[in-house]
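# Close look at the chain arrangement
Chain by chain, the residues run as shown.
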Amino acid sequence: MVRILVLNGPNLNLLGTREPATYGTQTLADILGRLATVAATRGATVVGFQSNAEHALIEQVHAASSQQFDAIIINAGAYTHTSIALRDALAAVRIPFYEVHISNVYAREAFRHHSHLSALAAGVIVGLGPLGYELALEAALRAQTVR
Ligand code: DQA
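So, here is what we can say about the structure in this document. Being a predicted model, the structure only gives us computed values, none of them experimental.

### Things to note about the nonpolar core
As a rule of thumb, soluble globular proteins bury nonpolar side chains together. Residues Ile4, Leu15, Leu35, Val46, Ile73, Tyr133 and Leu137 are the most contacted members of the largest nonpolar core, which totals 24 residues. What leucine 35 contacts, discounting residues up to four positions off in sequence, is Val6, Val46, Tyr133, Glu134 and Leu137. Of all hydrophobic cores here, the second largest spans 19 residues; its members include Ile58, Ile72, Ala76 and Val93.

Here you go:
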């Protein structure tokens, strides 16, 4: 069975109430529930992990190899723009990952225009709202079938 890890970084636990004009009204639980439903129809499993702490995200990335995840979908929140350590962790485990941003970061402040993760990502989806997670899941599942 294909196993996908869905990692969410700081402040994404507040989805639903956090700046709804930018991030919408779906909660993280709503998003993960939808991903689980889609994955189940495809014989796959998704496991969600959210933390506001950089080290916890890094440790979860490290654990992903021994936990036999086939791919990672990651919205690293603001750590996208700051964390070389998270980038190094993703490079170290060599599990294909898909970077998602709910908002169109390129239409926002200049400090959101650079990602430390994108150059290593299998794909990047920005600005499509929660649908971005679902599209990343679709890409991850298709990549598994063509391996
Ligand atoms: C975000 C964009 C980041 O710039 C921001 O810090 C977030 C959310 C997004 O999903 O649009 O926390 O990753």
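There is more to say after this.
### Regarding the site of the ligand
The immediate surroundings of the ligand are formed by Arg18, Tyr23, Asn75, Gly77, Ala78, His81, His101, Ile102, Ser103, Val105 and Arg112. Asparagine 75 places a side-chain nitrogen or oxygen 2.8 Å from an oxygen atom of the ligand. Here an oxygen atom of the ligand sits 2.6 Å away from a polar atom, N or O, in the side chain of serine 103. A total of 320 Å² of accessible area belongs to the ligand in isolation, and the protein chains cover 99% of it. Along the lines of polarity and charge, the residues of the shell around the ligand split into four nonpolar, five polar and two charged.

### Overview of unusual backbone geometry
Although it is not a glycine, asparagine 11 sits at a positive phi angle of roughly 75 degrees. Among the structural elements, asparagine 11 can be located in the loop between β1 (2-8) and α1 (20-23). Classification of asparagine 11 as partly exposed rests on a relative accessible area of 36%.

### Re the sheet that holds strand β5 (residues 123-126)
Sheets are built from strands paired through backbone hydrogen bonds, the pairs being either parallel or antiparallel. Judged by pairing direction, the sheet is parallel, and its five strands sit side by side in the order β2-β1-β3-β4-β5 without closing on themselves. The open sheet has two free edges, formed respectively by β2 (44-50) and β5, since each of these has just one partner strand. Across the sheet, the axes of successive neighbouring strands diverge by a mean angle of 20 degrees, strand direction being ignored. Pairing between strand β4 (residues 97-101) and β5: four bridges, direction parallel. Following the sheet pairing, histidine 101 is matched in β5 by valine 126. On top of the sheet, helix α2 (residues 28-41) reaches β1 and β2; it is set at about 165 degrees to β2, its chief contact. Its contacts with the sheet place helix α3 (residues 54-66) against β1, β2 and β3 (71-75), and it is angled at close to 170 degrees to β1.

### Quick notes on the pattern of salt bridges
Tallied over the entire structure, the rule returns five salt bridges. For arginine 142, the salt bridge identified is with glutamate 138, shortest N-O distance 2.7 Å. Highlighted residues: arginine 142 and glutamate 138, both in helix α6 (residues 131-145), separated by four residues, approximately one helical turn. For arginine 142, a relative accessible area of 54% gives the class exposed. Accessibility expressed as a relative area gives 24% for glutamate 138, which makes it partly exposed. Residues joined in a network through salt bridges with shared partners are Arg42, Glu138 and Arg142.

Definitions and limits used
- Residues numbered from 1 in each chain as written.
- Predicted model: local features only at pLDDT ≥ 70, side-chain atom pairs only at ≥ 80, totals over all residues.
- Heavy atoms only, no water.
- Core = buried A, V, L, I, M, F, W, Y, C linked by side-chain atoms within 4.5 Å.
- Buried < 20%, exposed > 50% of the residue type's maximum accessible area, 1.4 Å probe, protein only.
- Contact = heavy atoms within 4.5 Å.
- Near = heavy atom within 4 Å.
- Polar contact = N/O pair within 3.5 Å; in protein donor to acceptor, adjacent residues only side chain to side chain.
- Areas by Shrake-Rupley, 256 points an atom, 1.4 Å probe, with all protein chains shown as cover.
- Nonpolar A, V, L, I, M, F, W, Y, C, P; charged D, E, K, R; others polar.
- Helix = DSSP H or I, 4+ residues; strand = E, 2+ residues; numbered from the N terminus.
- Pairing = 2+ DSSP bridges.
- Axes fitted to C-alpha atoms, helices over the stretch in contact; angles between N-to-C directions.
- Salt bridge = Lys/Arg side-chain N within 4 Å of Asp/Glu carboxyl O.

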